[in-house]
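Next come the chains, spelled out residue by residue.
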Amino acid sequence: PILMILLNSFKKETSISTSTAFLPPTADTFAGAANYVNAISSKGFLESFWYSTLITVTSVALILLCCSMCAWYITRVNSLMSKAMYYLCVFSMVVPFQMVMFTMSKLANILHLDNPVGIIFVYVGFGAGLSTFMFTGFARYVPREIEEAACIDGCGPVRTFFSVVFPVLKPTAITVAILNAMWIWNDYLLPYLLLGSTYKTIPIAVQYLRGGYGSVDMGAMMGMLVLAIAPILVLYFLCQKYIVSGVMAGAVKG
């Protein structure tokens, strides 16, 4: 499907809906960069790109900060509260989104979270389960000696975490960032439920790329799809080497 989108993004609209849709563009069907120009100049694309970037970057940053600190607390404080927090995060991974989406939408509306800033906190909540679980698996085996050495040198808990612990968590942090960035950037259902057509993210903007009587400019849509896929695809290929090491981190002691 990705190859088909890429090929048709360089074709004229009349050639996309025919039997040549699966063939590379020819001299007669080649449209150059016209589809991409139409996609960028279409109403709301740049605004949607900005909303998607803001929501994705901010949500991932907050997930990394909050979940790494939470995992460090869980692994270092042996109490009933820390155990309850850990199992609450594990339980949140089991509950399917479809089970809570209607009550979540109502609660988000009551709390005025149905806007580009409010949805960030909703994403942090939904992403906290898996992210905390992954951070906890790695943080269990971070040597306590380096934290004790930092404490002897006069570091408080906050400085110890940011100067000593978090740099050690880098492989898992990159993996968590990539997984959550791909999920949030490509997510359609949650923005559609909370933001609707008022604040369109890129997946929603693609849906609304329609003309009169439901007609769709397939050329511009193919160009918009490529532009939507490209940023997260580039991020994935640049950071893919960290994914396996980050997932396996903490699985084996030593």
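As shown above, the structure is provided for reference.
Since this is a predicted model, take the numbers as computed values, not measurements.

Visitor: Outline the nonpolar core, supporting the account with residue identities and numerical values.
Guide: If you look at the biggest cluster of nonpolar residues, it comprises 41 residues, and the most contacted ones within it are I55, L64, I119, F135, L169, L190 and L194. For this core, the secondary structure elements donating two or more residues are α4 (45-76), α6 (97-110), α7 (118-139), α9 (157-168), α10 (170-186), α11 (189-194), α12 (202-207) and α13 (218-239). A per-element tally of this core places α7 first, with 9 residues. In this structure, L64 is in contact with F135, F166, A173, V176 and A177, ignoring residues within four places of it in sequence. Counting 5 residues, the second-largest nonpolar core is a separate cluster that includes I5, I16, Y36 and M222.

Visitor: Explain the side chain of S48 to me, using residue names and the numbers behind them.
Guide: Structurally, the position occupied by S48 is in helix α4. On the basis of relative accessible area, S48 is assigned to the buried category, the value being 2%. In this structure the side chain of S48 is engaged in a polar contact, spanning 3.1 Å, whose partner is the backbone oxygen of K200. Leaving out residues up to four positions away in the same chain, S48 has contacts with K200, T201, I202 and A205.

Visitor: Can you break down α6 residue by residue, with the values?
Guide: For the α-helix, the turn length of 3.6 residues means that residues three or four positions removed from each other point alike. With 14 residues, α6 extends 19 Å between its outermost C-alpha atoms, agreeing within 8% with the 20 Å of an ideal straight helix rising 1.5 Å per residue. A maximum bend of about 35° is found in α6 at T103. Along α6, the positions that sit buried rather than exposed are M101, M104, S105 and A108. On its buried face, α6 is in contact with α7 and α11. Remark: H112 follows α6 within two positions and exhibits a positive phi of approximately 60°.

Calculation criteria
- Residues numbered from 1 in each chain as written.
- Predicted model: local features only at pLDDT ≥ 70, side-chain atom pairs only at ≥ 80, totals over all residues.
- Heavy atoms only, no water.
- Core = buried A, V, L, I, M, F, W, Y, C linked by side-chain atoms within 4.5 Å.
- Buried < 20%, exposed > 50% of the residue type's maximum accessible area, 1.4 Å probe, protein only.
- Helix = DSSP H or I, 4+ residues; strand = E, 2+ residues; numbered from the N terminus.
- Contact = heavy atoms within 4.5 Å.
- Polar contact = N/O pair within 3.5 Å; in protein donor to acceptor, adjacent residues only side chain to side chain.
- Expected span 1.5 Å × (residues − 1).
- Bend = angle between axes of the 7 residues up to and from the residue.

Geometric values such as these leave the question of function open.
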